[in-house]
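Now for the letters of each chain:
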Amino acid sequence: MWQRLWENPRTLSSKSDAEQSPAEAPAKSADGLPTLPTSLVNQELLVDVLHNVALLCENHKSESRAEFKRPLVWQSGLKPAAFQGSTLWNVQSGPRNGKPPVVSAVARIDGQPFFQLDQVPGESGFVAKVSSFEYLHHALQAAEDQKLHELQRIIRANRDPLTLIFGVPSSSETSTESILIEAFESVTSERDPKKREQNGQLYKLLLVLNKMDLKLMKDAVKALERNKRLDIGQVTEELQMLQAFTGKEEQNVLLAIDWESDYTFSNGCKAPPWRQVYGEISYISAQPMDREPMIITASKSGYFVNKGYCTDDKGNQRLNYERDSNDYPTLVALFRDQSKYFAEMIDQQGYFYYQEQSSREETIPRSANAAEGATAPDGRGDQDLTDDEKTDSSNFGNIGSGSAREDAAKRGGHKKKTGKAVAQKRNITEPSLKWRTLALDPEQIGKVPSAKTRKKKGHSNPTSAKSGKRSGKSHGSGIQVEEDLTESDSDGTSDEEAQDKRQENVELPAEYYQIQKLVKYLRCGNQTATIIAICSLRDFDLNNESNQIAIRDVGGLDTLVNLLDTDDPKCKIGALKILKEISQNVQIRCAIADLDGMKPLIELLQDSSEELKCLAAETIAYCAKNARNRRSVRRYGGIRKLVKLLKARPGSKDEDVAISGALALSTCSKSSKNKAAIQTAGAIPLLANLLESQNEKLLIPVVGILQECASDENYRVAIRESGMIRFLVENLASKNEELQTHCASAIFKCAEDDETRALVRQYNGLVPLVNLLDNPGNRELLVAATGAVWKCAQNIDNVAALNKLNSIKKLIGLMENQPEDVLVNVVGALGACAQTPEGRQGIREGGGITPLVNLLTGTNQLLLVNVTRAVGASALESDSMAIIDRLDGVRLLWSLLKSTNHHVQASAAWAISPCIEHAKDAGEMVRSFVGGLELIVSLLKSEHTEVLASVCAAIANIAKDEENLAVITDHGVVPMLGKLTNTRNDKLRKHLAEAIATCCHWGNNRVAFGAAGAVAPLVKYLKSTDEEVHRSTARALHQLSMDADNCITMHEHGVVQLLLGMVGASDQVLQEAAAGTIGNIRRLALASEKAAITQAAAAKNQ
């Protein structure tokens, strides 16, 4: 797979070598190394190599750690800063004294590091060396979005990897069989054991790589068979790849390239039907660096240059479809032959690798020289998409079913486009009937026009962007790539995104056409007209969805975004005020993401004008509800700039800026990667400072940031240590319900830690939390308040305080007519309160047992876990247990053992134990459950430790009834328990030993446990640090020691010495069991000695 990257892409076509142009030969780079040919095929192969390296390290860990014969060496683009913060690397921060700045934490057998990054003497560059695939993978991960470019460098510098890695000489003529045979001989002929083992690992690695290479080859052959004839998808992929290398900068290969026509017919082609009969698919307009513009025809047989536009008899310009060049298999091959500049520069282009996540879970490789405004396609992740944002993405650009296509077909050909930015990418859409009512020119149907950059004498056009045009990226990219193997960035639920679906085929309001006219004035290039048009647009109701969509549909959105790059502050402020209003629409946010509109917004955060900074931050706050916009904020350094806006003294004039910055950060914090970036930027002390403000407009977004970020453990520690819990508790008494909700939610998440629970009580936070339970009308507030009470109730001291506040009755009152997210928290709080006798009594007296048992029939998994815990805790009281039994609660608990969710299974089994222990006629009750005993024994086959521990605890109680013990013995409980004895989990050990001790009371079970090999592992339990494990183990050993063979096994494994120290323990049960076990072993020893003496005397007498 490595060598195939060096094959020129022309070898994949049907043309012979003689037909290829000399311009297609691989070029040399500045360092003298041959450049890797740039093509769509090589781009896909680079992604395949990256994917296979990751798979190798994941599925073949020992082989990936095999040491190379000689390291791979290359000029790296990585810097030492990329390796900081990981335990995999040792990074030199101070004077290096000749040592490499970065080395791997693990070294080879010879003491050399597996990876090292060393600076080139006298230069600023670095040289990297790697000696295993494991560290090659780690190094590529450190490169992040430059990983494909770094892989290119490695491949360029190491043309013969087989020789370097395996020490096997190879060439293009060497067969795979010869290489495998030679590698095998090097393994078998080596006498040094260490080198033989190393060669063996390398041989296994070679076999794995050979298998991967064969798979890649098969896939390539299938792709060749499939790609013999072009289709619109392949043309789109290659066009999009070349658009990434487009621009006026010298390092780019083309000035511009785009579709010549915006029309898309029903079969996906862009060529008119009467040209499709000749096999033509679409037409592409291109502007090379070193020649005149050209029009290219993409046909099923390949690409060729046509004769472009000509003037007909009526003076109209029409496209001349006649061929003006040879056929080429790819666009790259065509430009190599037609443009010397392209041929020299194309192979010097690099690829970016973006880890974006969408509903399809793809990663999209992008060019390193992508146009400044280009946005990475929405691909899942940075994994930033939420469920609502999937709707957000899918709604955008769906203009409807097309019938205006027929009008385009009647026009007789393609008219030359004027005033269009050639390099702009658009969503492929089909026109709708409603467009025909707008009296638009047919050329405008189905496209989103862009503001054209113009200059007038003595006047700089306010709509011309400093950084050139921004191009929107289509959602429907046809590029097929491998799923991201490294990391993803998951978001929480996005309640901000409204359930907003555009209604198609509705009558458009009169304002639609007026807005279209105003957008034309926006783009006319006159500064005064632009400002007047902005003011006129603001007179419309911008909160109206039709007006918002009208601005987008007639091309006003990209003009407004471009206005942010002008030098006129009035234009910027006006554009921002409009964008702030219309970005509250889901579809507008998605369109802004397509236009890469976050970049100019982030740049404005550094403007000297406070009004501009505030408007930019508030616009970001709305736009960042879209996942791609959130990623863009982080990628363009917006997080650090927004955090700087928080540097304000409470009550000062800077508060307005801080409010805007906090609003934006509150929205951005829904991404886990953004949370980490916010903390890295030093936001915690600034947020703590702002909490002292009395301004609720500032407090709401500040606490909103805290409650979003509190799901991260590092944030919880920082919030607690910076003293913010006190401010959160104080603001629970605020009259603003939104602020109360944020504070309660923050406490809900922070109270995962017991120290925080104690602080809430110390700051008298339990009283306002319980008071918030009296507001059942506000669902969000109720969810947050009940959640905070639940987590705080997990502290025993807090339970006593909550009981005094009459919280149990309030919680019981909330168990009716409430949504499930409230019920989960309410039941969780009741279960925590039931850990004390007073709490259990309060639940019973408040009538809480009945609704709890009724909830056992639900389907919500988290609710069932909390309900079973609450019922199990209540069953510790005999009166409550009588109510549970009367309501048939134990049967319902038993039925939950059949759940497919192991958390529900475990919590149900834990609840069954106290029910059996405190039921009046437990034995008969258990036997009345048809198939119940067989079911619970079968759960001993579970793979989850928590399920096993809970089932063992239940069996320990079930086996106290002799008839039940006989039944479960028949179901094979003894060998199943014996198989579990090798566990190292102390929780399972404790309950397993109790179950074994109880099961020994039937028949020959003691002998059966010995035969199952359960005795020797039990002796090891006595070395545990948990005293409860000692007690249950001693009880089990005492029962097992009543069998002579078991006594011998115990003695052989040193049980006497371990038990002697426990005879003097303060625990009476442990004392008696240890002494009883030692007594049984001693009696057996005495009996053996006596028998031996008797036998000897008898022999002597004979």
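These notes cover the structure that comes with them. (Residues numbered from 1 in each chain as written. Predicted model: local features only at pLDDT ≥ 70, side-chain atom pairs only at ≥ 80, totals over all residues. Heavy atoms only, no water.)

## Details of the sheet that holds strand β5 (residues 126-130)
Next up, step 1: With antiparallel pairing, five strands are arranged side by side in an open sheet as β1-β5-β4-β3-β2. The sheet is open, and its two borders are formed by β1 (72-76) and β2 (89-91), each paired with just one other strand. With strand direction ignored, the average angle separating the axes of adjacent strands in the sheet is 20°.
Next up, step 2: Of the strands in this sheet, β2, β3 (102-104), β4 (115-119) and β5 are in contact with helix α3 (residues 133-142), which crosses β2 at around 55°. (Pairing = 2+ DSSP bridges. Helix = DSSP H or I, 4+ residues; strand = E, 2+ residues; numbered from the N terminus. Axes fitted to C-alpha atoms, helices over the stretch in contact; angles between N-to-C directions. Contact = heavy atoms within 4.5 Å.)

## Describing the packing of helix α14 (residues 511-522) against helix α15 (residues 527-538)
Next up, step 1: It is the contact of α14 with α15, at a shortest axis distance of 8 Å, that shows an interaxial angle of 150°. In this view, α14 runs roughly antiparallel relative to α15, as classed from their interaxial angle. For the pair α14 and α15, the sense of crossing is left-handed. Contacts between α14 and α15 pair Ile 515, Leu 518, Tyr 521 and Leu 522 from the former with Ala 529, Thr 530, Ala 533, Ile 534, Ser 536 and Leu 537 from the latter.
Next up, step 2: Class assignment of the residues belonging to the contact of α14 with α15 gives a composition of eight nonpolar, two polar and no charged. (Parallel < 35°, antiparallel > 145°, perpendicular 65-115°, else oblique. Left-handed = near helix turned anticlockwise from the far one by under 90°. Nonpolar A, V, L, I, M, F, W, Y, C, P; charged D, E, K, R; others polar.)

## Digging into the nonpolar core
Next up, step 1: By size, the foremost hydrophobic cluster in this structure holds 215 residues, and its most contacted members are Ile 620, Leu 642, Trp 894 and Leu 977.
Next up, step 2: Those residues in contact with Leu 642 that lie beyond four places of it in its chain are Leu 605, Ala 617, Ile 620, Val 633, Gly 661, Ala 664, Leu 665 and Cys 668.
Next up, step 3: Grouped together as the second largest cluster of nonpolar side chains are 43 residues, Ala 66, Trp 74, Leu 78 and Val 130 included. (Core = buried A, V, L, I, M, F, W, Y, C linked by side-chain atoms within 4.5 Å. Buried < 20%, exposed > 50% of the residue type's maximum accessible area, 1.4 Å probe, protein only.)

## A few points about the packing of aromatic side chains
Next up, step 1: Going through the model one piece at a time under the given rule, you end up with ten aromatic pairs.
Next up, step 2: Judged by centre distance (5.1 Å) and plane angle (65°), the rings of Trp 89 and Phe 115 are edge-to-face. Here Phe 115 lies in strand β4 and Trp 89 lies in strand β2, a separation of 26 residues in the sequence. Just as Trp 89 is buried, Phe 115 falls in that class too.
Next up, step 3: Seen from their ring centres, Tyr 283 and Tyr 321 are 5.3 Å apart, and the 45° between their planes marks the pair as tilted. (Phe/Tyr/Trp six-rings, centres within 6.5 Å; stacked < 30°, edge-to-face > 60°.)

## Some details on the pairing of strand β9 (residues 302-311)
Next up, step 1: Most of β9 sits inside the fold, with seven of its ten residues counted as buried.
Next up, step 2: Alignment of strand β8 (residues 294-299) against β9, held across four bridges, turns out to be antiparallel. Each bridged residue has a counterpart across the sheet, and for Thr 297 the counterpart in β9 is Phe 304.
Next up, step 3: What sits between β8 and β9 in their antiparallel hairpin is a turn of two residues.
Next up, step 4: The pairing of β9 with strand β10 (residues 317-323) spans five bridges and is antiparallel. Looking across to β10, one finds that Tyr 309 is bridged to Leu 319.

## Topic: helix α42 (residues 902-918)
Next up, step 1: The end-to-end C-alpha separation of α42 is 25 Å, in line with the 24 Å expected for 17 residues at 1.5 Å each.
Next up, step 2: Taken across its 17 residues, α42 has twelve buried, putting it largely inside the fold.
Next up, step 3: Within α42, the full set of buried residues consists of Val 904, Gln 905, Ala 906, Ser 907, Ala 908, Ala 909, Ala 911, Ile 912, Ser 913, Pro 914, Cys 915 and Ile 916.
Next up, step 4: On its buried side, α42 packs onto α39 (861-874), α40 (878-886), α41 (889-895), α43 (922-927) and α45 (945-958).
Next up, step 5: At the N-terminal end of α42, a side-chain oxygen is found 2.8 Å from the backbone nitrogen of His 903, two or three residues along, and the residue is Asn 901. (Expected span 1.5 Å × (residues − 1). Polar contact = N/O pair within 3.5 Å; in protein donor to acceptor, adjacent residues only side chain to side chain.)

## Some details on the sheet that holds β9
Next up, step 1: Strand order in the open sheet made by the five strands is β6-β7-β8-β9-β10, with antiparallel pairing throughout. Both edges of this open sheet fall to β6 (254-259) and β10, since each of them pairs with a single strand only. When the angles between neighbouring strand axes are averaged without regard to direction, this sheet yields 35°.
Next up, step 2: With five bridges connecting them, β6 and strand β7 (residues 280-288) associate as antiparallel partners. Across the sheet, residue Leu 254 finds its bridge partner in β7, namely Pro 288.
Next up, step 3: Relative to the sheet, helix α10 (residues 331-338) contacts β6, β7, β8 and β9, its axis offset from that of β8 by approximately 145°.

## A short note on the side chain of Thr 969
Next up, step 1: Along the polypeptide, Thr 969 turns up in helix α46 (residues 962-970).
Next up, step 2: Aside from chain neighbours lying at most four places away, what touches Thr 969 is Trp 1002 and Asn 1005.

## Thoughts on unusual backbone geometry
Trans peptide bonds make up the majority, and among non-glycine residues the majority have a negative phi.
Next up, step 1: If you check the backbone angles, Asn 764 has positive phi at about 60° while not being a glycine.
Next up, step 2: With respect to the helices and strands, the residue Asn 764 is situated in the loop between α31 (754-762) and α32 (766-771).
Next up, step 3: One non-glycine residue with positive phi stands out, namely Asn 806, at about 60°.
Next up, step 4: Along the polypeptide, Asn 806 turns up in the loop between α34 (796-804) and α35 (807-813).
Next up, step 5: Take Asn 806: its relative accessible area is 40%, and that puts it in the partly exposed class.

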